[in-house]
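Examining the three-dimensional arrangement
Here is how the chains run, residue by residue.
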Amino acid sequence: MTSMLLSEPLSIYLNDHLTGAFGGAALARRMADTHPGSRRAAELRQLARDVEQDRDALVRIMSSLAVPVRHYRTWLGLAGERIARLKPNGTLTRRSPLSDLIELEGMRAGVEGKTALWQALRAIADNEPRLDPGDLDRLIQRATEQTRTLNRWHQTVSAEVLNRR
């Protein structure tokens, strides 16, 4: 089983998720920084910390599996997050309220992908001694909690943004 884990598909898969994790961590931090005085500020800061910790956990897992980090790909994740800021949002000189909804949906998609990653690794953890099933279970649980939080925010932000006249 170990030789399978050193395969190119695993390396590509984990580096793909790491690329997304760097972009997601940057987006989460920006979301928190953009709303410092909001009623969700503390939750946004906690989400940003959690997403950064999840990214760091992935790096540790890759190290334990001897999967090299493709550093140029981490830069792609950061660049992608910054490029996404250039999307048309209905205003030219200030931040659009629509940006909150779009960013929130991006975070939801990222967390769903991250949950799938942890579940995929958990599926092989019982046969791979370098993976800790308990750690993966905790990561799955944290991602599930993040999804719940993001879904709750999505409902609120959708109503706030889309009901504006």
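In what follows, the accompanying structure is described. Keep in mind that what you see is a predicted model, and the values were worked out from it rather than measured. (Residues numbered from 1 in each chain as written. Predicted model: local features only at pLDDT ≥ 70, side-chain atom pairs only at ≥ 80, totals over all residues. Heavy atoms only, no water.)

**A look at the overall build of the protein chain**
For clarity, the cut-off: Numbered from the N terminus, helices here are DSSP runs of H or I no shorter than four residues, and strands are runs of E no shorter than two. Whether a residue is buried, partly exposed or exposed follows from its accessible area with a 1.4 Å probe, protein chains only, as a fraction of its type maximum: under 20%, in between, or over 50%, in that order. Contact between two residues is taken to exist if any of their heavy atoms lie within 4.5 Å; hydrogens are not considered. All accessibility values rest on the Shrake-Rupley procedure with a 1.4 Å probe; residue burial counts only the protein chains present in the view.
In terms of helices and strands, the protein chain carries six helices and zero strands. For the protein chain, the succession of helices and strands along the chain, N to C, is α-α-α-α-α-α. Counting the 165 residues in the protein chain, one finds 39% classified as buried. Taking all contacts inside the protein chain whose residues are at least 6 apart in sequence as the whole, residues at least 24 apart take part in 78%. For the protein chain, the exposed area adds up to about 9200 Å²; of that, 57% sits on carbon and sulfur atoms.

**Quick word on unusual backbone geometry**
Positive phi values are uncommon outside glycine, yet A66 reaches one of about 60°. Residue position: A66 is located in the loop between α3 (41-64) and α4 (71-84). Relative accessible area serves as the criterion here: at 52%, A66 is assigned to the exposed category.

**What about the packing of α3 against helix α5 (residues 97-125)?**
The cut-off we apply is this: In this description, a line fitted to the C-alpha atoms serves as the axis of each element, helices being fitted only across the stretch in contact, and the angle between N-to-C directions of two axes falls anywhere from 0 to 180 degrees. Crossings are classed by handedness, with left-handed meaning an anticlockwise turn of the near helix from the far one by less than a right angle and right-handed meaning a clockwise turn. When residue character is reported, Ala, Val, Leu, Ile, Met, Phe, Trp, Tyr, Cys and Pro are called nonpolar, Asp, Glu, Lys and Arg charged, and the others, Gly included, polar.
Following both chains from N to C, one finds α3 and α5 inclined at 35°, their axes separated by 12 Å at the closest point. Crossing angle aside, the handedness with which α3 passes α5 is left-handed. Facing L47, V51, D54, A57, L58 and I61 of α3, the residues of α5 in contact are M107, K114, L117, W118 and L121. The class makeup of the residues in the contact of α3 with α5 is nine nonpolar, no polar and two charged.

**A short note on the packing of aromatic side chains**
To be explicit about the condition: Aromatic contacts are taken between Phe, Tyr and Trp rings whose centres are within 6.5 Å, Trp giving its six-membered ring; a plane angle under 30 degrees counts as stacked, one over 60 as edge-to-face, and the others as tilted. Consider the ring centre and the ring normal. A charge sits over the ring if Lys NZ or Arg CZ is within 6 Å of that centre and within 35 degrees of that normal.
The final tally for this structure, using the stated rule, is zero aromatic pairs. Above the ring of F22, the side-chain terminus of R55 is found at 5.0 Å from the ring centroid.

**Considerations on the layout of surface pockets**
Which entries qualify depends on this criterion: With a 1 Å grid spanning the protein atoms alone, the term cavity applies to any set of points in which a 1.4 Å probe fits but cannot get out, the term pocket to an open set with protein on both sides within 12 Å along at least five of seven lines, and the term lining residue to any residue with an atom within 4 Å of a point. Grid points are joined across faces, edges and corners, and a volume is the space filled by probe spheres set on the points.
Estimates place the volume of the second largest pocket at around 270 Å³. Lining the second largest pocket are 16 residues; nearest its centre among them are H35, R40, D100, V157 and E160. Sorting the residues of the lining of the second largest pocket by element identifies α5 and α6 (133-162) as the ones contributing at least two each. In terms of residue class, the lining of the second largest pocket is made up of seven nonpolar, two polar and seven charged.

Just geometry here; none of it tells us what the structure is for.
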